[in-house]
Structure formats: structure tokens, C-alpha cells
Amino acid sequence: MRLLLRANAHRREPGGGMEIAASPDTRERERWQWDVHLAADPVGEAPLPASVESLVATGAMALADGSLVHVVARSAPAEAVPSVEIHHLADAMELCRGLHEVMLVVAGGPGLLVEGRHRLERLDALVLEGDDPLTLPLEADGAGPIPIAVIRLKGTGQLGWVP
Amino acid sequence: MFVRNAWYVIAQSEEIDRVPLKRTVLGEDVVLFRKTDGTVAALDDRCAHRAYPLSEGRIVGDNIQCGYHGFEYNCAGVCVRVPAQARIPERAVVRSYPVVESHRWVWIWMGDAALAKTAEVPDTHWMTDPAWDRVTHQRLFECSADLIHDNLLDLTHEGFLHESTIGDEAVYENGITVEVDGNTVSVDRWMPACHPSALFEKATGLSLADRWHTTVFQLPSLHVIHAGVVEVGGRREDGHLLRVLNAITPATENTAWYFYAFCRDFSVGDTALNELLAESLGGVLTEDSDALALQQVKMESRPANMPDVLIAQDAGVAKARRMMKQLLAAEFRAQSPAPEKVAAP
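Counting restarts for each chain: residues are numbered from 1 in the order of the written sequence. Lettering for chains starts from A, numbering for ligands starts from 1, and both go in the order in which the items are written. pLDDT decides what is reported in this predicted model: residues at 70 or higher carry local features, side-chain atom pairs at 80 or more are listed and counted, and totals for whole chains, interfaces and linings draw on all residues regardless. The basis for the side-chain values is all heavy atoms of the structure; hydrogens and waters are excluded.

Asks: How do you make sense of the nonpolar core when you look at a structure like this?
Replies: Across soluble globular proteins, nonpolar side chains show a tendency to be buried alongside one another. What is meant by a nonpolar core is a set of buried Ala, Val, Leu, Ile, Met, Phe, Trp, Tyr and Cys residues, joined one to another through side-chain atoms within 4.5 Å. For every residue, the accessible area (1.4 Å probe, protein chains only) is compared with the maximum for its type, and the residue is labelled buried under 20%, exposed over 50%, or partly exposed between those bounds. If you look at the biggest cluster of nonpolar residues, it comprises 86 residues, and the most contacted ones within it are L104 of chain A together with W105 of chain B. Comment: elements are numbered from the N terminus, with helices defined as DSSP H or I runs of at least four residues and strands as E runs of at least two. The biggest single contributor to this core is helix α7 (residues 315-335) of chain B, with 8 residues. Split by domain, the residues of this core number at least three in each of domain 1 (7-116) and domain 2 (125-329) of chain B. Membership of the second largest hydrophobic core comes to 32 residues, among which are L147, L242, I248 and Y258 of chain B. What marks off one domain from the next here is an automatic or database domain assignment.

Asks: In this structure, what is going on with empty space enclosed by the protein? I would like to understand it.
Replies: With a probe scaled to a water molecule rolled over the atoms, the places where space remains empty come into view. All names here are of chain B. Cavity means a closed set of points on a 1 Å grid over the protein atoms alone, one where a 1.4 Å probe fits but cannot get out, pocket means an open set with protein on both sides within 12 Å along at least 5 of 7 lines, and lining means a residue has an atom within 4 Å of a point. Grid points are joined across faces, edges and corners, and a volume is the space filled by probe spheres set on the points. Per the stated rule, a full pass over the model turns up 2 cavities of 30 Å³ or more. Volume-wise, the largest cavity comes out at about 340 Å³. Considering the residues around the largest cavity, the lining is formed by 28 residues, among which E158, I166, F200, I225 and V244 are closest to the centre. Where the lining of the largest cavity is concerned, the elements lending two or more residues are α2 (145-153), β14 (209-218), β15 (222-230), β16 (240-252), β17 (255-264) and α6 (271-301). All residues other than Ala, Val, Leu, Ile, Met, Phe, Trp, Tyr, Cys, Pro, Asp, Glu, Lys and Arg, Gly among them, are scored as polar; the first ten of these are nonpolar and the last four charged. Residues belonging to the lining of the largest cavity are distributed by class as follows: 18 nonpolar, 7 polar and 3 charged.

Asks: Explain the interface of chain B and chain A here, please?
Replies: One frequent convention defines the size of an interface as the accessible area lost when the parts assemble. On the chain A side, the residues contacting the 19 residues of chain B number 20 residues. In total, chain B and chain A occlude about 1,700 Å² of area from one another, counting both sides; carbon and sulfur atoms represent 49% of this. Any carboxyl oxygen of Asp or Glu that lies within 4 Å of a side-chain nitrogen of Lys or Arg is treated as forming a salt bridge with it. With a closest N to O distance of 3.1 Å, K319 of chain B and D25 of chain A form a salt bridge. Pairs of N or O atoms are called polar contacts if they sit within 3.5 Å, as long as, within protein, a hydrogen donor faces a hydrogen acceptor (for residues adjacent in sequence, only side-chain-to-side-chain pairs). Summed over the shared surface of chain B and chain A, the number is 11 residue pairs in polar contact (both at pLDDT 80 or more). Of all the secondary-structure elements, those providing two or more residues to the side of chain B that touches chain A are β12 (176-181) and α7 of chain B. In terms of residue count, the dominant contributor to the side of chain B that touches chain A is α7 of chain B (7 residues). Across the side of chain B that touches chain A, the residue classes break down as 9 nonpolar, 3 polar and 7 charged. Any two strands with at least two DSSP-identified bridges between them are counted as paired. As judged from the 4 bridges shared by strand β1 (residues 2-5) of chain A and β12 of chain B, these two strands associate in the parallel manner. Bridge pairing links L5 of chain A to V180 of chain B in β12 of chain B. Throughout, a residue-residue contact means that at least one pair of heavy atoms, one from each residue, lies within 4.5 Å. Summed over both partners, buried area is the accessible surface (1.4 Å probe) that two parts give up on being assembled.

Asks: Can you walk me through the environment of P145 of chain A in this structure?
Replies: Residues and elements named next belong to chain A. With respect to the helices, strands and loops of the structure, P145 is situated in the loop between β13 (135-140) and β14 (146-155). On the basis of relative accessibility, which here comes to 52%, the residue P145 falls in the exposed class. Sequence spacing of P145 and A90 is 55 residues, and the spatial spacing of their C-alpha atoms is 4.1 Å. Apart from residues lying up to four places away in sequence, P145 is in contact with H88, L89 and A90.

Asks: Would you take a moment to explain the sheet that holds strand β13 (residues 184-194) of chain B for this structure?
Replies: Neighbouring strands of a sheet are bound in pairs by backbone hydrogen bonds; such pairs are parallel or else antiparallel. Pairing in this open sheet of 12 strands is mixed, and the strands run β7(A)-β14(A)-β9(A)-β12(A)-β1(A)-β12(B)-β13(B)-β14(B)-β15(B)-β16(B)-β17(B)-β11(B) from one edge to the other. Looking at which strands have only one partner, the edges of the open sheet turn out to be β7 (80-89) of chain A together with β11 (133-141) of chain B. Each adjacent strand pair in this sheet contributes to an overall mean axis angle of 15°, direction not counted. Helix-sheet contacts for α2 of chain B involve β11, β13, β14, β15, β16 and β17 of chain B, and the interaxial angle to β16 of chain B is about 160°. Every axis in this analysis is a line fitted to C-alpha atoms, fitted for helices over the stretch in contact. Angles between the N-to-C directions lie between 0 and 180 degrees. Taken strand by strand, α7 of chain B contacts β1 of chain A together with β12, β13 and β14 of chain B, and its axis lies near 170° from that of β13 of chain B.

Asks: Before we go on, may I ask you to explain the pairing of strand β12 (residues 125-128) of chain A in this structure?
Replies: Note on strand geometry: in a regular strand, side chains alternate between the two faces of the sheet. Residue and element names in this part refer to chain A. The alternating pattern of β12 places A125 and V127 and L126 and L128 on opposite faces, both of which are buried. Looking at chain direction, β1 and β12 are connected through 3 bridges and run antiparallel. The residue bridging L5 from the neighbouring strand is A125, located in β12. Sheet topology places strand β9 (residues 101-107) next to β12; 4 bridges connect them, and they run antiparallel.

Asks: Quick question: what am I supposed to make of the sheet that holds strand β4 (residues 34-39) of chain A here?
Replies: Residues and elements named next belong to chain A. Pairing is antiparallel across the open sheet formed by 5 strands, whose spatial order is β2-β3-β4-β6-β5. Edge strands, defined here as strands with exactly one partner in the open sheet, are β2 (11-12) and β5 (55-62). Here 2 bridges tie β2 to strand β3 (residues 18-23), and the two strands are oriented antiparallel to one another. Note that in β3 the partner of R11 across the bridge is E19.

Asks: Explanation requested: the domain arrangement of chain B in the structure shown.
Replies: Residues and elements named next belong to chain B. You can read the domains of chain B as domain 1 (7-116) and domain 2 (125-329). A separation of 33 Å is found between the C-alpha centroids of domain 1 and domain 2. Taken together, the links from domain 1 to domain 2 amount to 0 salt bridges. One can count 9 residue pairs in polar contact (both at pLDDT 80 or more) joining domain 1 with domain 2. For the side of domain 1 that touches domain 2, the secondary structure elements donating two or more residues are β1 (7-12), β2 (21-25) and β10 (105-109). Residue contributions to the side of domain 1 that touches domain 2 peak at 6 residues, all from β1.

What follows is the structure in C-alpha cells.
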């Protein structure tokens, strides 16, 4: 189940950040597993209940328009380990995803072509999980390198967007 | 709770004439009628005088006359005649609603009328485009509109509920791409090299095909399913194309109007195929209607601490539910009075 989330669909947070994706998507229906945010401040992500432990990974991404955002990925330690990589795509590349891994790609500028068919614009995101392909071809479909954030949530077992 | 600032289908064009039509939408009773120029008027179905339903009255020119004491209202909902006296009370007014007639459906705006001017009625031109043919149905489902939205965003049910017509294992064996863009959720499923389902083998003559459906849900009411079949390896645009329009209008919290149009770009004018599709797809709607009515009963008796168990195929459902809540919350905030400022002592 691929999930293509346009920038205008991200959840605005009171502190000025944005939630890109979370599992569970509807809070408090299921036990919290992971979430991914964009924030102006790497410690400014949405608070979790005091009793919830989390692992946190961050990466600073300079967007194509020159602004800077911090990508913040968090997970429940029992469910997954988060990581954030920042790439600059000048031409083409292929991302690999592990079994039991949820992978998110966030475009830092316009013109990111994924799988030859999904065109991502600034801050659009694509989520892959479960039965989705384990390799993901990316192409820069325009002028100049495109900053890309690749967020991985390596599951301790089966991991998805829907818990 | 309903999202009110949106266009909803309230009737098919042919339902509305010079006889008042009562219809309940978003929990409100509305009376509809055609004016002498053919356009449609929609008013609150309750006389301001003694709350008698205006739909029990009659049309007089471009006005509607209450059948109880004869109060007469114009299309703006303003009382223009009280038979028993010359003076017309200032409060003798009923609410009028913006309506638009477009491609054989009549749409109503139940929210802030000022906002209707800037919101476009969704595109349903396949209903009247001569390059397309169509069959239509209309039902009142005994379930909430939300259950119908869930049904349309998770078409894996076709493989079980509609096994004899449009569903098979190809639907649930193939994954989906869910896209969220503003107030639209789309769920795309590509089903390569499979049987095109029993009904579409009859309709197209293909026994093996690449097949797809993409449900595009324009919240809060309209699902357009872009579907089709094409010979294996062909391009989607060269296939037998379908546009399945599903306009869902809440009647009450647990009933909903379902306006359905199955439009195709092949065998246009084939009346035998129209009859086959009308009967088969009517059966599909009955299967849905029966199942969702049962689901509604179970939902109402289910403990609050036992929410649905969602799976990956429910991604569109989960996203749409959340977006619907956001729309409702935004309307609630807009209606709530701003907190009063307290002057410093």
C-alpha cells in the first residue's frame, strides 16, 4: 500500500511543525508506533504522553528554496528503529527497503519522479510498506539537484502504516 | 454532525416538477419545486406560521402556498401573501437554499449560502456527454453516509459481496496506492492480467485483461470511480473506460441518499447492454444496501471501546475519516463565537 501525501495534506501542528505521517494515523485508536514530522526546531516535535518511550532520529534538510527544515522520526523502541538520511538527487538513484521496513521519501524541492509515475513536489511524501516494492527508482525531473529526506523505520517485526 | 458547507446531490433532475417534492438531507426537511422558468427552488419544508410542511401545499406561479392556511412564499423564502389579512408579519420567512442543476443532478448547499458562490459544483459531465452512455440508480440506504464512504474506499469487499457480478479475488490480491491531496483522497488499484469479472466479460467480450479502478473521493460527498479494462499490455486510455459516479448525501445520522451513475465510453446506445447493466448494477447496489444496513445495526450496538480493526487496504478509509473530522472541526470553529475580550482592571 503506497501512500502519496501531498504537502497540502500534512497535519499542521500548534508549534508550527507538520506531521507527515504517523502510525496509527488516528491517534489513540491503537498503541502508538511511530511518526514523522517536519519542524523548524529539531526538538520542537509534537509531545508524546510522558509514559511513552521513543527513539528519535533527525536530519536537517536544506530545501531547494534555501529554507531549512528538520526531519524528525520517532518510534516506540519495541516496534521500530528510526533513521533519517538526506540526499541530493542530481540525476537518478535507487533506494532499497528492507523487509519489515517502512520507508518514507520526502521531496525537498519540485520535480522528484518516483517509479517513473509519481511526481513529487516540494514537501510531498511517499510512504512504502508491507507488500510494496523493496526497490524504489527516483529521478530528478527538472533543473538542479533535489534535496530528499529518506526516513526508515526498521521494524522489530511486521511494521506498517496501519498498525 | 454533518459538513454543511459543500454541494450535495439532493435529487435527479427528472424528480422535480411543479408538484412540491419533500426530501430530507443533512437532517433537514427541504421542499423542492420548479419555477415557471424551469429552474429549481429549495426551501425549508416548514411554514413559518404553524410549522405545517410546505410540501403538502401547492405551487402558485413561482411561489409555494401552504396547504393549511394559505401562506404563500416566494423562492427566496419570503412570505408574500397571507390570505386572512393584508399585513405580512416580518418573521414570516422560511430559509431558502442555493441550488444548482448540473448534468441531470440537482445539488444543494445546506451551509452558509455566501460560501456557495465560491465553491464549484463537482464535475459529472459523463452524465450528459453524448460520447458516453450510462445507467443510473437512486436509493435511500439504511446506514450512515460514513459507512458508504468506507465501502467505496475499500473495494476489496467486491470479491465477497459482489462475487457474482463485479468482484473476484483480483481486487483483494492487488495492492493500492492511496493519494491525499487537499480535500481529495484517491485509492488506485491496478490489476494486471486477470479476469475482468463476470459482468465485464459480458459487457466487453474480454476474458483476460489488465484492469483498474481508482476511487477519487471529493470530500464530503462525491466518489468518482475511474475504472476500466484493456487487453493485456495495453494503455489505460485505449481500454473500455468507465466513470462510476457515487453521490452520497446524508439524510439523517443513520440514513443516506445514494445517487449512482455508471457511465461507459463503449457500446454507446446499446439498449440491451443498458438493460443488462441496469439490472446487474441495481443488484450490486442492493447487495451493498442490505449489507450496510446490517452493519449499521451492529455498529450501533457495538461498545465504544471496540473501534474498527483496520488493515493496509483501509488506508484510504483511515485518511478520509480523519479528513472528514477535520472538515467538521473547521466548520465548528468557524461557527463558534470568538471569546470575549476581558478588559484589564
